[in-house]
Amino acid sequence: MTNPSVTIVGAGLGGLVLARVLHVHSIPSTVYEAERSPADRAQGGLLDIHEYNGQPALAAAGLTAQFHRIVLPGRESYRVVDRDGTVLFDKPDDGTGDSPEVPRAALRRMLLDSLPAGTVRWGHKLASVRGHGSYELTFADGTTVVTDVLVGADGARSRVRPLLTDATPVYGGTAAIETFLFDADRRHPETARAVGGGSLFAFDTGASGKLFLAHREADGNLHAYLWLSRPLEWFNAIDFGTPAAATGLIAREVEGWATSLAALITDSDTAPVLRPHFALPADLRWDRVPGVTLLGDAAHLQPPNGEGANLAMQDGAELGLAIAASPGDVEAALASYEGAMFPRSASAGAEGAVNNAVLLGADAAQNLVSLLSGAR
């Protein structure tokens, strides 16, 4: 007896890795994605792909060689500075790092290109899903499909998750303001020099709850986030629909900082975008429900900690391998997958909370320097 076709909701990295691993093992799948095409929206910045989860997932997908072709050399460099630009730590990329950086868009494109034509059904926004054991999916355009094996890879606001749990994401106390400086070496040379060739962490060492994180992308653009510990109401009071006014208010948070650092906000070539950090309970579990499971942010949404994309790909790979290893017994495969995924995601969530506390707590700059230098 063979496995039935797998229905995946969401064409993010986790869902695509799952579809690819299933394809490698000759198991059919269909991915339904709300976006109208692969170019429907920007896919974010750089991702560091870890040797202990993201890279093994891509190996399970048979894509290691293709992955190495999209790695950006020189991006595993890290610089920590004070608000006045004083360099507290500078680690150049010497080629020995184990978490190479790749553009998220290139990684997604690589995964899409590895799938048979027609695997991803674009423009299918899931409106509702119902059932138990067999599931009827209704999309925003009124079309429906029925499946016996359903995987929710549909992110933080998953519509599949309520089949398994009533848990919903809650605000975690921090948010980021996202900005870009384009063609930085030519148009913003002082800031480009301050950021360097990889990632920059800038702190106000006299205060906590504030962090600039910036990195250099493939095209020479600088991608920056100002992280702030504030109540959600504080951010909601800012009118992000009026970019100039929003920028003026946010710029107050970096008054007195070195001009080259404050420019990540004041000279942004894009309107500031609010990215509040929501999370599911770190120890979230659910009882086994026939024929359905979750992966990635749908299963274990966490504040940004460098693990989200890696964990999603690991989920996708391990779920695909579990299904392939249990021909005709999808329930055994889903139970095996969840049995490993629950403790893994809980551990990553706990570690991420500690690391984020380091970045936004007292003595944040020195604590990060100690982590990056291997002193703790």
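Scroll up to find the structure this text is about.
Attention here is on the structure that accompanies the text.

Rules of the game
- Residues numbered from 1 in each chain as written.
- Predicted model: local features only at pLDDT ≥ 70, side-chain atom pairs only at ≥ 80, totals over all residues.
- Heavy atoms only, no water.
- Helix = DSSP H or I, 4+ residues; strand = E, 2+ residues; numbered from the N terminus.
- Rg over C-alpha atoms; globule rule 2.2 N^0.38 Å.
- Buried < 20%, exposed > 50% of the residue type's maximum accessible area, 1.4 Å probe, protein only.
- Contact = heavy atoms within 4.5 Å.
- Areas by Shrake-Rupley, 256 points an atom, 1.4 Å probe, with all protein chains shown as cover.
- Lys, Arg positive; Asp, Glu negative; His and termini not counted.
- Charge placed at Lys NZ, Arg CZ, Asp CG, Glu CD.
- Pairing = 2+ DSSP bridges.
- 1 Å grid on protein atoms, 1.4 Å probe; cavity = no way out; pocket = protein on both sides within 12 Å on 5 of 7 lines; lining within 4 Å.
- Points joined across faces, edges and corners; volume = space filled by probe spheres on them.
- Nonpolar A, V, L, I, M, F, W, Y, C, P; charged D, E, K, R; others polar.
- Axes fitted to C-alpha atoms, helices over the stretch in contact; angles between N-to-C directions.
- Parallel < 35°, antiparallel > 145°, perpendicular 65-115°, else oblique.
- Left-handed = near helix turned anticlockwise from the far one by under 90°.

## Quick look at the overall build of the protein
Then comes step 1: The secondary structure content of the protein amounts to 13 helices and 17 strands.
Then comes step 2: For 376 residues, the compact-globule estimate of 2.2 N^0.38 gives 21 Å, and the protein sits close to it at 21 Å.
Then comes step 3: Its C-alpha atoms give the protein principal-axis dimensions of roughly 65 × 45 × 35 Å.
Then comes step 4: Put simply, the protein has 376 residues, and 52% of those count as buried.
Then comes step 5: Sequence-distant contacts, at least 24 apart, represent 71% of the contacts inside the protein between residues at least 6 apart.
Then comes step 6: When the accessible surface of the protein is split by element, carbon and sulfur atoms take 52% of a total near 16000 Å².
Then comes step 7: When the 29 positive and 43 negative side-chain charges of the protein are each reduced to one mean point, those points stand 4 Å apart.

## Considering the sheet that holds strand β2 (residues 29–32)
Then comes step 1: Reading across from one edge, β7-β2-β1-β11-β17 is the order of the five strands in this open sheet, with parallel pairing throughout. The strands lining the two open edges of the sheet, one partner per strand, are β7 (120–121) and β17 (292–294).
Then comes step 2: Taken together, the three bridges between strand β1 (residues 6–9) and strand β11 (residues 150–152) define a ladder with parallel strand orientation. Its bridge partner lying in β11, Val 9 is registered against Gly 152.

## Looking at helix α13 (residues 364–372)
Then comes step 1: By the burial criterion, the buried members of α13 are Ala 364, Ala 365, Leu 368, Val 369 and Ser 370.
Then comes step 2: In the core, the buried residues of α13 are packed alongside β4 (78–82), β5 (87–91), β13 (199–203) and α12 (330–360).
Then comes step 3: Residue Gly 374 follows α13 closely and has a positive phi angle near 80 degrees.

## Let's talk about the layout of surface pockets
Then comes step 1: Approximately 280 Å³ is the volume attributed to the second largest pocket.
Then comes step 2: In terms of lining residues, the second largest pocket is bounded by 21 residues, among which Ala 279, Gln 302, Pro 303, Gly 349 and Ala 353 are the most central.
Then comes step 3: Secondary-structure elements contributing two or more residues to the lining of the second largest pocket are β12 (170–181), β16 (273–279), α10 (297–300) and α12.
Then comes step 4: Sorting elements by how many residues they give to the lining of the second largest pocket places α12 first, with six residues.
Then comes step 5: When its residues are assigned to classes, the lining of the second largest pocket shows eleven nonpolar, ten polar and no charged.

## Considering the pairing of strand β10 (residues 144–147)
Then comes step 1: In this sheet, β10 lies alongside strand β9 (residues 135–139) in antiparallel orientation, the contact comprising four bridges. Bridging across to β10, Thr 138 finds its partner in Thr 144.

## What about the sheet that holds strand β15 (residues 222–229)?
Then comes step 1: Ordered by their spatial adjacency, seven strands build an open sheet running β5-β4-β13-β14-β15-β12-β16, and the pairing between neighbours is mixed. Strands with a single pairing partner mark the edges of an open sheet, and in this sheet they are β5 and β16. Each adjacent strand pair in this sheet contributes to an overall mean axis angle of 20 degrees, direction not counted.
Then comes step 2: Sheet contacts for helix α9 (residues 259–266): β4, β12, β13, β14 (210–216) and β15; angle to β12, the most-contacted strand, approximately 100 degrees.

## Looking at the packing of helix α1 (residues 13–24) against helix α4 (residues 104–113)
Then comes step 1: Where α1 meets α4, the axes come as close as 9 Å, and the angle between the chain directions of the two elements is 25 degrees. Compared by their axis directions, α1 and α4 come out roughly parallel. Between α1 and α4 the crossing geometry is left-handed. Packed against α1, whose contacting residues are Leu 13, Leu 16 and Val 17, the element α4 presents Arg 104, Leu 107, Arg 108, Leu 111 and Leu 112 at the interface.
Then comes step 2: Partitioning the contact of α1 with α4 into residue classes produces six nonpolar, no polar and two charged.

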